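So you can see what is in the structure, the chains are spelled out below.
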Amino acid sequence: MSDSAESPTETQKDESSSQQSSADTGETGAAEEKKKIDVLLKAVGDTPIMKTKKWAVERGRTVQSLAQFISRFLKLEPSEQLFIYVNQSFAPSPDQEVGVLFECFGSDGKLVLHYCKSQAWG
Amino acid sequence: MMSDKEESSAARCYLDEKSFHICCQLFLQHSSVLKDGWSWTEFKGVKEGYMKKTVLIPGRFSSLLNQFWKHKTENMDALVEDQVDDDDEDQAVCENQAVMCYEYHVLYSCSYQVPILYFRASTLDGRLLSLEEVWNNIHPNYRKRLLQGPWDTLTQQEHPLLGQPFFVLHPCCTEEFMRPVLQMAHAKKRKVNYIVTWLSVVGPMVRLEVPLSYCTAVAAPN
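Keep in mind it's a predicted model, so treat the numbers as computed, not measured.

Once that is clear, we can look at the overall build of chain A. Scanning chain A for helices and strands turns up 3 helices and 5 strands. Along chain A, helices (α) and strands (β) appear in the sequence β-α-β-β-α-β-α-β when read from the amino end. Out of the 122 residues in chain A, the part that is buried amounts to 46%. Across chain A, the fraction of contacts at a sequence separation of at least 24, relative to all contacts at a separation of at least 6, is 69%. Just so you have it, chain A exposes about 6300 Å², and 47% of that area is on carbon and sulfur atoms.

Structure below.
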């Protein structure tokens, strides 16, 4: 994914609107399949907590691209590496698409990702 | 002196040898289901063992060589009849560099109390890759930071059991990146398979894919 790709957008969805959009998808089928998935970002350890935790991210966005976005957002030092985890303890490949992660690990309409900064090797 | 609580907290972020073996065996159980090529090697009389896997992966010269290869295959008939000349031989070497053979070994380090990833890489015609070529094939997501490391993050070392030169991602940093994840798991009373978590982090740095199914299919030791 290039840097010029659309940034994740903040989502203000609440429970009721999520249910409504699912119903719409059911009626209109594949054509209406959401291009973005809801991601909930959680900090691990000493990593700064993001003010905005909920993001709507394009399915095709890679883990690497998301990590770069979070790093920039948190203004991490160049020497700090950001690791992203699914299921709290597994780091998906940087080339993995978040849409695939959502299919595998999403629940309640969102994908929970933990992120952790590290000075390791930096 | 560390308090009991501090001691057990620190201990959790390291891996004892027995747990290393158990985590590897659990890992290998899933590997046998996926048939993704991992195996366990043990030396007679020596209790030490390691996991290993060999894969073929495309090199970073691909874009140039894909064009070349396309041209080659279109002219296959002509090639068969022509005499091989110097140009063809040079090009043949280039082709082989388009795919590389990576051999990964997961060993246990007693001194660091963590697993270590050893690997060696060669072209298909058996030429070992240089340190520079291996650096070029580090995943771009990590290359900049690894290069900045104040110590030798990627070095060539003798394999402790085979005595042959392998590349190694230095184990000194393993505890540092494992610690927050393991502490979070402990706080939530979740068990973690150290090898699965560790390999999912370091593997992609050196082009080793760990399929997502390892995340949920592999149990953690008690």
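From this point, the narrative continues.
Here we take up the interface of chain B and chain A. Facing the 35 residues of chain B at the interface are 31 residues of chain A. For the interface between chain B and chain A, the tally reads 6 residue pairs in polar contact (both at pLDDT 80 or more). Of all the secondary-structure elements, those providing two or more residues to the side of chain B that touches chain A are α7 (140–148), α8 (174–187), α9 (194–202) and α10 (213–217) of chain B.

Residues and elements named next belong to chain A. Going through the model one piece at a time under the given rule, you end up with 5 salt bridges over all chains. In this structure, the salt-bridge partner of Glu-103 is Arg-59, at a minimum N-O distance of 2.8 Å. Placement of Glu-103 in helix α3 (residues 98–105) and of Arg-59 in the loop between β3 (54–58) and α2 (63–74) is noted, with a sequence separation of 44 residues between them. Residue classification places Glu-103 among the exposed positions, given a relative accessible area of 53%.

All names here are of chain B. Take Tyr-104: it is sitting in strand β3 (residues 99–109). Judged by relative accessible area, Tyr-104 falls into the buried class, the value being 0%. Separated by 53 residues in sequence, Tyr-104 and Met-51 place their C-alpha atoms 8.1 Å apart. If near-sequence neighbours (up to four positions away) are discounted, Tyr-104 is found in contact with Trp-38, Met-51, Lys-52, Lys-53, Val-55, Ile-57, Leu-117, Tyr-118, Phe-119, Val-206, Arg-207 and Leu-208. Only 2.6 Å separates the side chain of Tyr-104 from the backbone oxygen of Val-206, close enough to count as a polar contact. Separated by 3.4 Å, the side chain of Tyr-104 and the backbone oxygen of Arg-207 make a polar contact.

Moving on to the sheet that holds β3(B). Residue and element names in this part refer to chain B. Judged by pairing direction, the sheet is antiparallel, and its 6 strands sit side by side in the order β1-β2-β3-β4-β6-β5 without closing on themselves. Only two strands of the sheet have a single neighbouring strand rather than two, namely β1 (39–42) and β5 (154–158). Each strand axis lies, on average, 35° off the axis of its neighbour in the sheet, ignoring direction. In terms of strand pairing, β1 meets strand β2 (residues 49–58) through 4 bridges, oriented antiparallel. Its bridge partner being in β2, Trp-40 is matched across the sheet by Met-51.

Turning our attention to the packing of α8(B) against α9(B). All names here are of chain B. Put simply, α8 and α9 touch, their axes get as near as 11 Å, and they point 120° apart. In this view, α8 runs oblique relative to α9, as classed from their interaxial angle. Note on packing geometry: the crossing formed by α8 with α9 is right-handed. Along the contact surface, α8 presents Thr-174, Phe-177, Met-178, Val-181 and Leu-182, while α9 presents Tyr-194, Thr-197, Trp-198, Val-201 and Val-202. Broken down by class, the residue content of the contact of α8 with α9 amounts to 8 nonpolar, 2 polar and no charged.

All right, on to the confidence of the model for chain A then. Looking at chain A as a whole, its pLDDT mean stands at 82, while 75% of the residues score no less than 70. Taken together, the stretch residues 1–5 of chain A has pLDDT below 50 and engages in 8 contacts with residues farther than four places along the chain or on a different chain.

Turning our attention to the environment of Phe119(B). Residue and element names in this part refer to chain B. Residue position: Phe-119 is located in strand β4 (residues 114–123). For the pair Phe-119 and Val-106, spaced 13 residues apart in sequence, the C-alpha to C-alpha distance is 8.7 Å. If near-sequence neighbours (up to four positions away) are discounted, Phe-119 is found in contact with Tyr-102, Glu-103, Tyr-104, Val-134, Leu-154, Phe-166, Phe-167 and Val-206.

A separate point is the side chain of Thr123(B). Residue and element names in this part refer to chain B. Turning to its location among the elements, Thr-123 is positioned in strand β4. In this structure Thr-123 comes out as buried when scored by relative accessible area, which is 3%. Side chain to side chain, Thr-123 and Asp-125 meet in a polar contact 2.3 Å long.

Cut-offs and rules
Residues numbered from 1 in each chain as written. Chains lettered and ligands numbered in written order. Predicted model: local features only at pLDDT ≥ 70, side-chain atom pairs only at ≥ 80, totals over all residues. Heavy atoms only, no water. Helix = DSSP H or I, 4+ residues; strand = E, 2+ residues; numbered from the N terminus. Buried < 20%, exposed > 50% of the residue type's maximum accessible area, 1.4 Å probe, protein only. Contact = heavy atoms within 4.5 Å. Areas by Shrake-Rupley, 256 points an atom, 1.4 Å probe, with all protein chains shown as cover. Polar contact = N/O pair within 3.5 Å; in protein donor to acceptor, adjacent residues only side chain to side chain. Salt bridge = Lys/Arg side-chain N within 4 Å of Asp/Glu carboxyl O. Pairing = 2+ DSSP bridges. Axes fitted to C-alpha atoms, helices over the stretch in contact; angles between N-to-C directions. Parallel < 35°, antiparallel > 145°, perpendicular 65-115°, else oblique. Left-handed = near helix turned anticlockwise from the far one by under 90°. Nonpolar A, V, L, I, M, F, W, Y, C, P; charged D, E, K, R; others polar. pLDDT = per-residue confidence, 0-100.

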